Amino acid sequence: MYIVATYLAYLAIGLGVTVWAAGILHRHGRAFLEDAFQGDAGMADSVNRLLVAGFYLIDVGYVALALGTARTPGGMREAIELLCDKIGVVLLVLGIMHFVNLYIFSQIRKRGRERPRITPAAGWGPAGTPVGKVLE
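Rules of the game
Residues numbered from 1 in each chain as written. Predicted model: local features only at pLDDT ≥ 70, side-chain atom pairs only at ≥ 80, totals over all residues. Heavy atoms only, no water. Core = buried A, V, L, I, M, F, W, Y, C linked by side-chain atoms within 4.5 Å. Buried < 20%, exposed > 50% of the residue type's maximum accessible area, 1.4 Å probe, protein only. Helix = DSSP H or I, 4+ residues; strand = E, 2+ residues; numbered from the N terminus. Contact = heavy atoms within 4.5 Å. Phe/Tyr/Trp six-rings, centres within 6.5 Å; stacked < 30°, edge-to-face > 60°. Lys NZ or Arg CZ within 6 Å of the ring centre and 35° of its normal. Axes fitted to C-alpha atoms, helices over the stretch in contact; angles between N-to-C directions. Parallel < 35°, antiparallel > 145°, perpendicular 65-115°, else oblique. Left-handed = near helix turned anticlockwise from the far one by under 90°. Nonpolar A, V, L, I, M, F, W, Y, C, P; charged D, E, K, R; others polar.

Further remarks concern the nonpolar core. Residues Tyr10, Phe55, Val90 and Leu94 are the most contacted members of the largest nonpolar core, which totals 14 residues. Looking at this core element by element, the count peaks at 6 residues for helix 3 (residues 76–114). Beyond its immediate stretch of four places on either side in the chain, leucine 94 contacts Val17, Thr18, Ala21, Phe55 and Asp59. Core analysis: the next-biggest nonpolar cluster, separate from the first, contains 8 residues, Phe37, Ala44, Val47 and Ile108 among them.

Turning to the side chain of threonine 6, a few remarks are in order. Position of threonine 6 among the secondary structure elements: in helix 1 (residues 2–36). Residues contacting threonine 6, with those up to four places away along its chain left out, are Pro73, Ala79, Leu82 and Leu83.

Within this structure, the stated rule accounts for 0 aromatic pairs. The ring of tyrosine 10 is capped by lysine 86, whose NZ or CZ atom sits 5.4 Å from the centre of that ring.

A word on the packing of helix 2 (residues 41–65) against helix 3. Two numbers describe how helix 2 lies on helix 3: the axes approach to 11 Å, and their chain directions differ by 160 degrees. Accordingly, the angle class assigned to the pair helix 2 and helix 3 is roughly antiparallel. Considering the relative orientation of helix 2 and helix 3, their crossing is right-handed. Here Val47, Asn48, Leu51, Phe55, Ile58, Asp59, Tyr62 and Val63 of helix 2 lie close against helix 3, whose contacting residues are Val89, Val90, Val93, Leu94, Met97, His98, Asn101, Ile104, Phe105 and Ile108. When its residues are assigned to classes, the contact of helix 2 with helix 3 shows 14 nonpolar, 3 polar and 1 charged.

Below is the structure:
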């Protein structure tokens, strides 16, 4: 009886915390990525969505795999202890995933800052040459 309630609580809390953390990563990671991609908002948004999708896949996969247990709680106390053990591990995995994402963001940002910023000149000819003159 207690095991089903423990499983349901674990899934609700584990998935809820995953969605919450992914939202924070998505909202606040965009600024780092936009800086890394030299203001290219489209590229920053695309990479941000890909990173969040990977975060979801890994963490939701872990929550699903860690659902099963050999322990069967015989009372409320044991059910709460089992739930806390499982949620504690999920929170540690989320923390590790968060720092992995921060590391990825910092590496992308570092690479973006090392690249020279290219400013296009007017037309294809020497700077200031109108495009029509180059094509004639």
